[in-house]
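Each chain, letter by letter, is given below.
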Amino acid sequence: MCWLHGPAGAGKSAIMQTLCERLKGTGSLGGAFFFKRGHATRGNARTLFTTLAYQLALENMELKPSISRSVEIDPSVVGRNMETQLHKLIVEPRQSLEKHAPLVLLIDGLDECDSEQVQRKILHMIRNTVFRYPSFFRFLVASRPEAHIQELFKDAAFQGIFKSVEVKATEEDVWTYLCDEFARIHREHRETMKNIPLPWPSRDIIQTLVWYSSGYFIYASTVIKFVDDQHFLPTEQLAVISNLSPDSEFESPFAALDQLYTQILSRVPVRSRDKLCDILCAVTNFLLLPQQLEHLLELKPGDVRLVLRDLHSLLWIGPERGAKSSSIWVHHASFHDFLHDQMRSGIFHIGSDHRRMRLAHSVFQAFLCACDDRRIATGDLVWKLSGQRWIP
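As the structure is a computational prediction, the values presented were derived from the model and not from experiment.

Student: A description of the environment of Arg 69 should follow, citing residues and the corresponding values.
Tutor: By secondary structure assignment, the location of Arg 69 is in helix H3 (residues 64-73). C-alpha of Arg 69 to C-alpha of Pro 93: the two residues are 24 residues apart in sequence and 9.1 Å apart in space.

In structure tokens form, the structure reads like this:
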């Protein structure tokens, strides 16, 4: 097994996505799972091995009969514990193949799932599987270098069966990324950019952005999302970024990123910022549609989209119509971290006891309204909080 690690925004997920595409192109990919904090299905480990097994069945015609047979014999296996799922849906089907190249399984963002205890459990399960069946599997796990994960990999049980690869900050790669993305924006925004000569922007501007990034992709990718917003002119959006001037000596590599986040959030009118913080507090705790947020926070119809109108570079906000799911979620975990750290987010901090109590009060009010509307006893209530989802 291989552990790919690096700080938030270093580009781990981008590497995993690229590797996933390349492995799939060569027919070597077994399956991939990308954890995402707070997501209804990607935020917990209960669907990890069932998802990998499903992908294995799709990608490998030799394994498909064995995996299907396991589910047919015991349909409850998809709801059993993770050890049973791994053994019944992945290990046993692999044992049915006499000669086969190792199955490559990718797991990204392990630190964004459930709890530290669950993360340790997953790593122990992978370790045991690789130890018992060294020629069957290749696991690539990506995460931040959290202390509990580092400690686990230092354990003697992991020695000799895993390698560690650190994703380091690289200004050269960020430069290449910015040049490619700005060229794409110039090409795709034909009408608004037709009178803007190439190369755009200047090398000096790109060099400044690279310097502000400290070699981390999260700053660069947030800049690109901001400039690429379809509601505004790319040149005007870039001018907003160019006018930012963080202190020349950063205390942390994310000082420029924090200023960028603050600048984007500050585009929300002052009169709406308290409402914005309530919305962000709910978004980072529950996966909700805009109309569900408005119901929960007792806002007017359309308020959520209006308040979040300029925040598409930070949040996924689906279209009003035509989308299967338009729940709102945070693009990157670093923005989640920013919002919950008062030293970084200042007036946009959402982790205070006051803010959390307001959200708890809103949830409780929705709870009571559901009882009144349906005229049912509290014990029979069908509204419930499940994990981090609000489910009617």
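Student: Explain the pattern of salt bridges to me, using residue names and the numbers behind them.
Tutor: Under the criterion given, the structure shown has 18 salt bridges. Glu 83 is the salt-bridge partner of Lys 121, the closest N and O atoms lying 3.5 Å from each other. Of this pair, Lys 121 sits in helix H5 (residues 116-132) while Glu 83 sits in helix H4 (residues 82-95), and the two are 38 residues apart along the sequence. Take Glu 83: its relative accessible area is 37%, and that puts it in the partly exposed class. Residues joined in a network through salt bridges with shared partners are Glu 181, Arg 184, Glu 188 and Asp 228.

Student: Can you tell me about the packing of helix H10 (residues 217-227) against helix H11 (residues 234-242), naming the residues and giving the values?
Tutor: Interhelical geometry of H10 versus H11 gives an angle of 140 degrees and a closest axis separation of 8 Å. With respect to each other, H10 and H11 are oriented oblique. The segment H10 lies against H11, with Tyr 219, Val 223, Phe 226 and Val 227 engaging Pro 234, Gln 237, Leu 238, Val 240 and Ile 241.

Student: Run through the nonpolar core, naming residues and quoting values.
Tutor: Phe 182, Leu 265, Leu 308, Leu 315 and Phe 335 are the most contacted members of the largest nonpolar core, which totals 71 residues. Beyond its immediate sequence surroundings of up to four residues, Leu 265 is in contact with Leu 276, Leu 280, Leu 311, Leu 314, Phe 335, Phe 338, Leu 339 and Phe 348. Judged by nonpolar contacts, the second largest core, of 39 residues, contains Phe 33, Leu 105, Tyr 133 and Phe 137.

Student: Explain the sheet that holds strand S1 (residues 2-5) to me, using residue names and the numbers behind them.
Tutor: On the basis of which strands lie adjacent, the open sheet formed by five strands has the order S2-S3-S4-S1-S5 and parallel pairing. The sheet is open, and its two borders are formed by strand S2 (29-34) and strand S5 (163-166), each paired with just one other strand. Averaged over all pairs of adjacent strands, the angle between their axes in this sheet comes to 15 degrees, without regard to strand direction. Bridge analysis of S1 against strand S4 (residues 137-143) gives four bridges, and the strand direction is parallel. The residue of S4 that forms the bridge with Cys 2 is Leu 140.

Student: Now, about H4: what can you tell me, with residues and values included?
Tutor: In a regular helix each residue adds 1.5 Å, so 14 residues correspond to 20 Å; H4 covers 18 Å between its end C-alpha atoms and thus fits that length. A maximum bend of about 30 degrees is found in H4 at Lys 88. Taken together, the buried positions of H4 are occupied by Met 82, Thr 84, Gln 85, Leu 86, Leu 89, Ile 90, Val 91, Pro 93 and Arg 94. As for H4, its buried residues are in contact with helix H2 (48-59), H3, strand S3 (103-108), H5 and S4. Capping the start of H4 is the job of one residue whose side-chain oxygen sits 3.2 Å from the backbone nitrogen of Glu 83: Asn 81.

Rules used throughout
Residues numbered from 1 in each chain as written. Predicted model: local features only at pLDDT ≥ 70, side-chain atom pairs only at ≥ 80, totals over all residues. Heavy atoms only, no water. Helix = DSSP H or I, 4+ residues; strand = E, 2+ residues; numbered from the N terminus. Salt bridge = Lys/Arg side-chain N within 4 Å of Asp/Glu carboxyl O. Buried < 20%, exposed > 50% of the residue type's maximum accessible area, 1.4 Å probe, protein only. Axes fitted to C-alpha atoms, helices over the stretch in contact; angles between N-to-C directions. Parallel < 35°, antiparallel > 145°, perpendicular 65-115°, else oblique. Contact = heavy atoms within 4.5 Å. Core = buried A, V, L, I, M, F, W, Y, C linked by side-chain atoms within 4.5 Å. Pairing = 2+ DSSP bridges. Expected span 1.5 Å × (residues − 1). Bend = angle between axes of the 7 residues up to and from the residue. Polar contact = N/O pair within 3.5 Å; in protein donor to acceptor, adjacent residues only side chain to side chain.

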